[in-house]
Amino acid sequence: MKGVRKSIVYQRCEDLASILVNLGYSTVPLQDLEYLLKKHVGADPRTVKAYRTHLVEFNFLKPTKEGYEILKEWIPTQKRLEATVESK
């Protein structure tokens, strides 16, 4: 939809997904995901739980036995490029 801006929650999910890709994850263990959520989004347990849910709802992650699989096709190319530049 043109002209409709993304919610802050969606933007944070995009950012976190970009960070995960930049760090080289294809499947992220739950412990690592929770650490990164605490570091980049918020440390409150309710926030961590909510964002785990949002990442799945928005199709950034898919639950697996090993943790969460990153669905890279949903990450905009620009976000991936920004995450790569910031890490250098």
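Let me begin by describing the structure that accompanies this report. (Residues numbered from 1 in each chain as written. Predicted model: local features only at pLDDT ≥ 70, side-chain atom pairs only at ≥ 80, totals over all residues. Heavy atoms only, no water.)

**Some words on the pattern of salt bridges**
For the record, the criterion: The salt bridge criterion pairs a side-chain nitrogen of Lys or Arg with a carboxyl oxygen of Asp or Glu, the two atoms within 4 Å. Classification of residues uses two cut-offs on accessible area relative to the type maximum, computed with a 1.4 Å probe and protein chains only: under 20% is buried, over 50% is exposed, and between them is partly exposed.
Following the criterion strictly, the structure yields 4 salt bridges and no others. Residue lysine 6 pairs with glutamate 14 through a salt bridge whose shortest N-O separation is 2.8 Å. Taking relative accessible area as the criterion, lysine 6 reaches 40% and is therefore assigned partly exposed. The buried category is assigned to glutamate 14, whose relative accessible area is 3%. Across the pair lysine 62 and glutamate 69 runs a salt bridge, and its minimum N-O distance is 3.7 Å. Note on lysine 62: relative accessible area 41%, which makes it partly exposed. The exposure class assigned to glutamate 69 is partly exposed, which follows from its relative accessible area of 30%.

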